[in-house]
Amino acid sequence: MAAARVSRSRCGLCLLLAAVLGSVHYSGALEIYTPNDLIYVENGTYAKLPCTFKSTDVTSSMTSITWTYTEEGSTAAGLVIFYYIGGKQYPGQLPRFKDRVTWAGDINNRDVSIKIDKITFKDNGTYSCSVMNPPDISSTPKQIKLYVVEKNNLPASNVPFLVGIICASIGGILIIAIIVFAVVITKKKRSRKDYTGGDGGQTESLMSPVKQPPHRSPSDTEALVTGTPSGTVQGPVIYAQLDHSGKGGCQINKSETVVYADIRKNC
């Protein structure tokens, strides 16, 4: 009786999906993305299978997500392990995935990822993500290959490599910034130097005191010509004979020391 109810519920869901598919058109604008197509997971842990999509239409209660699983090495069509529509999730066809697969996405952000708990080696295989967002329903599913390994066999993480690249990039930016700063400071110093003394000596001549001509000691000739005597000027002294007899004329009777000016006056 219970099985019949489950079967009727699934048939009703299929009819609803068929009605939706019959009423929409194929716009072909929906695209699905997965960051990695190969994931390694440690045995006994959990695996998050990331998947996002891009659509020209807004999401609604009719947006549906289907995850299928194909065993490793199998060529058969994948079996549904998870179905999501109208904000509700439904289990798939494989009993061993029941209660282990949970919703880990955000439909409003176009994230349709799932999480698988208690991973074992039996879970190795290919997982496909398919999305329909009416009227965008034409899309190509994206596949992720999952490999379950022991902890010691996990591939080396790329985190140290990425950290090294980031640090090198930051270091290069800092070096460039320091070089640019040094060049700017050097140019400023040169500009100041050119402003204060690099204009052909004009600024220096304006700022420096007036230079006095060199002091020269006058020669003997210049001293006799330009020198100013400090006492009374007296003519040259000569010896002449003057007449003191009272008679006229300029007869010289005896020799007497006189100056040249006195001779001229007496004669």
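Cut-offs applied
- Residues numbered from 1 in each chain as written.
- Predicted model: local features only at pLDDT ≥ 70, side-chain atom pairs only at ≥ 80, totals over all residues.
- Heavy atoms only, no water.
- Helix = DSSP H or I, 4+ residues; strand = E, 2+ residues; numbered from the N terminus.
- Buried < 20%, exposed > 50% of the residue type's maximum accessible area, 1.4 Å probe, protein only.
- Contact = heavy atoms within 4.5 Å.
- Areas by Shrake-Rupley, 256 points an atom, 1.4 Å probe, with all protein chains shown as cover.
- Salt bridge = Lys/Arg side-chain N within 4 Å of Asp/Glu carboxyl O.
- Pairing = 2+ DSSP bridges.
- Disulfide = S-S within 2.5 Å.
- Patch = residues over 30% accessible without salt bridge, like charges linked within 9 Å, V, L, I, M, F, W, Y side chains within 5 Å.
- Axes fitted to C-alpha atoms, helices over the stretch in contact; angles between N-to-C directions.

Draft legend 1. Representation of the overall build of the protein chain in the model. Regarding its fold elements, the protein chain presents five helices and 13 strands. The 267 residues of the protein chain split such that 22% are buried. Of the contacts formed within the protein chain by residues at least 6 apart in sequence, a portion of 55% connects residues at least 24 apart. Carbon and sulfur atoms provide 58% of the accessible area of the protein chain, an area that totals close to 19600 Å².

Draft legend 2. Inspection of the pattern of salt bridges at higher detail. In this structure the tally under the stated criterion is three salt bridges. The partner of D123 in a salt bridge is R96, with the nearest N and O atoms 2.8 Å apart. Remark: R96 occurs in the loop between β7 (88–91) and β8 (101–103) and D123 occurs in the loop between β9 (114–116) and β10 (125–132); sequence separation between them is 27 residues. Among the residues examined, D123 registers a relative accessible area of 0% and is labelled buried.

Draft legend 3. Spatial organisation of the pairing of strand β5 (residues 64–71). For β5, a buried count of seven out of eight residues is recorded, marking the element as mostly surrounded by other parts of the structure. By the bridge criterion, six bridges tie β5 to strand β6 (residues 79–85) in an arrangement that is antiparallel. Note that in β6 the partner of W67 across the bridge is F82.

Draft legend 4. Expanded view of the state of the cysteines. Using the criterion set out here, one finds one disulfide in the structure. Disulfide partner of C51: C129, at an S-S distance of 2.3 Å. Taking the torsion about the sulfur-sulfur bond, which here is approximately -85 degrees, the covalent link between C51 and C129 counts as left-handed. Of this pair, C51 sits in the loop between β3 (47–49) and β4 (52–54) while C129 is found in strand β10, placing the two residues 78 residues apart along the sequence. Of the two residues, C51 and C129, both sit in the buried class.

Draft legend 5. Spatial organisation of a nonpolar patch on the surface. Together, L38, Y40 and L154 make up an exposed nonpolar region whose accessible area comes to about 240 Å². Within the fold, Y40 resides in strand β2 (residues 38–42). The partly exposed category is assigned to Y40, whose relative accessible area is 40%.

Draft legend 6. Geometry of the sheet that holds β3. With antiparallel pairing, the three strands of this open sheet are ordered in space as β3-β9-β8. In this open sheet, the two strands that pair with only one neighbour each are β3 and β8. Put simply, the sheet's adjacent strands are angled 25 degrees from each other on average, direction ignored. As paired strands, β3 and β9 are joined by three bridges and run antiparallel to one another. Counterpart to L49 in the pairing with β9 is I114.

Draft legend 7. Main features of the side chain of S128. Following the sequence through the fold, S128 ends up in strand β10. When sequence neighbours within four positions are dropped, the list of residues in contact with S128 reads T66, W67, T68, K142 and Q143.

Draft legend 8. Structural context of unusual backbone geometry. Of note, the bond from P134 into P135 is cis; its omega dihedral lies within 30 degrees of zero at 10 degrees. Examined against the element boundaries, P135 turns out to sit in the loop between β10 and β11 (142–149). Phi angles above zero are rare outside glycine, and D99 is one such case at about 70 degrees. In this fold, D99 is placed in the loop between β7 and β8. Residue classification places D99 among the exposed positions, given a relative accessible area of 71%. One non-glycine residue, R110, lies in the positive phi region at around 60 degrees. Tracing the chain through its elements places R110 in the loop between β8 and β9.

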